[in-house]
Amino acid sequence: MTTAAQASGIKKTVIIVLAFIVFIVVGFVLRIFQPTILSPAEMQANGTMVFQQPRQVTEFSLVDHTGAPFTRESVTGQWTLVFFGFTFCPDICPTTMVELNEFMRLIEGTEVEDQFQVVMVTVDPGRDSVEQLASYVPFFNPDFLGVTGEFLDIHRFATELNTPFRRVPGGGENYQMDHSANIVLINPRGDYHGFVKAPLDLPKMKLTLRSMVADWDRQGF
């Protein structure tokens, strides 16, 4: 016959075993949902180049599609995905903007869903005014920012981010712009952190950028 003391002991043992099982299961579940930390080579194979040492971006003065100043302070405090394009672009730019919107949808519910902002900087400031960008960029996502400014200021900013562009000769008023479709990565300190190569592979981009953020957080920046 089981005494009260024995029953109490058995109860405590069962509780301890159950608590241990719960601890193991929770740890396993958490590991499943935590991003994998990829090596630089693995990230590069997935289309994302992350610099060993981020490159400082000098001060710049542009304006976003709401008319607010867009400066180095605008790209600090969170990760920024910068795409250089223009509103008269017939194919690459709208496709990329759709893909960036899809990327933001893909990271919903993950640990990085509120850590990224998307910015399209025009390479055609002669036609892409604040008003033009305001009617174009929010169409793809109301949270995206469009940025314009003086040509030389944009050119200097793009050059610092290794994103050349030029006007295609001919075409009259319907000229086109030749530009990179890579996505520039700016870290929460406002430094040039790397880039995602075009064409974008969204599942790989999600994997590598989550890894990038996790590695950044792990290093305590």
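Our subject is the structure listed above.
Cut-offs applied
Residues numbered from 1 in each chain as written. Predicted model: local features only at pLDDT ≥ 70, side-chain atom pairs only at ≥ 80, totals over all residues. Heavy atoms only, no water. Helix = DSSP H or I, 4+ residues; strand = E, 2+ residues; numbered from the N terminus. Buried < 20%, exposed > 50% of the residue type's maximum accessible area, 1.4 Å probe, protein only. Contact = heavy atoms within 4.5 Å. Salt bridge = Lys/Arg side-chain N within 4 Å of Asp/Glu carboxyl O. Phe/Tyr/Trp six-rings, centres within 6.5 Å; stacked < 30°, edge-to-face > 60°. Lys NZ or Arg CZ within 6 Å of the ring centre and 35° of its normal.

So, the overall build of the chain
Line of reasoning, step 1. Counting secondary structure elements, the chain contains six helices and 10 strands.
Line of reasoning, step 2. A burial count over the chain gives 40% of its 221 residues as buried.
Line of reasoning, step 3. The long-range share in the chain, meaning contacts at least 24 apart out of those at least 6 apart in sequence, stands at 73%.

Considering unusual backbone geometry
Line of reasoning, step 1. Here the residue pair alanine 198 and proline 199 is connected by a cis peptide bond, since its omega of -5° sits within 30 degrees of zero.
Line of reasoning, step 2. Mapped onto the secondary structure, proline 199 falls in the loop between strand S10 (192–196) and helix H6 (202–218).
Line of reasoning, step 3. With phi around 55°, asparagine 162 is a residue other than glycine that occupies positive phi space.
Line of reasoning, step 4. Assignment of secondary structure puts asparagine 162 in the loop between helix H5 (151–160) and strand S7 (165–167).
Line of reasoning, step 5. Under the relative-accessibility criterion, asparagine 162 is labelled partly exposed at 46%.

Remarks on the pattern of salt bridges
Line of reasoning, step 1. One pass over the full model with this rule turns up seven salt bridges.
Line of reasoning, step 2. Between arginine 72 and aspartate 191 there is a salt bridge whose closest N-O contact spans 2.6 Å. Remark: aspartate 191 occurs in the loop between strand S9 (183–186) and S10 and arginine 72 occurs in the loop between strand S3 (69–71) and strand S4 (79–85); sequence separation between them is 119 residues. Take arginine 72 and aspartate 191: they sit in the same class, and that class is buried.
Line of reasoning, step 3. For the salt bridge of arginine 218 with aspartate 215, the shortest nitrogen-to-oxygen distance reads 2.7 Å. Taken together, the residues span about one helical turn, with arginine 218 and aspartate 215 both in helix H6 at a distance of three residues.
Line of reasoning, step 4. Classification of arginine 218 as exposed rests on a relative accessible area of 58%.

Notes on the packing of aromatic side chains
Line of reasoning, step 1. For the coordinates displayed, the defined rule picks out 11 aromatic pairs.
Line of reasoning, step 2. Relative to phenylalanine 116, the ring of tryptophan 79 has its centre 6.5 Å away and its plane inclined at 35°; by these criteria the two rings are tilted. Separated by 37 residues along the polypeptide, tryptophan 79 in strand S4 and phenylalanine 116 in strand S5 (residues 116–122) bring together distant segments of the chain. Accessibility classification places tryptophan 79 together with phenylalanine 116 in one group, the buried group.
Line of reasoning, step 3. Three or more aromatic residues joined by ring pairs make a cluster, and in this case those are Phe60, Phe70, Phe84 and Phe157.
Line of reasoning, step 4. The ring of phenylalanine 88 is capped by arginine 127, whose NZ or CZ atom sits 4.4 Å from the centre of that ring.

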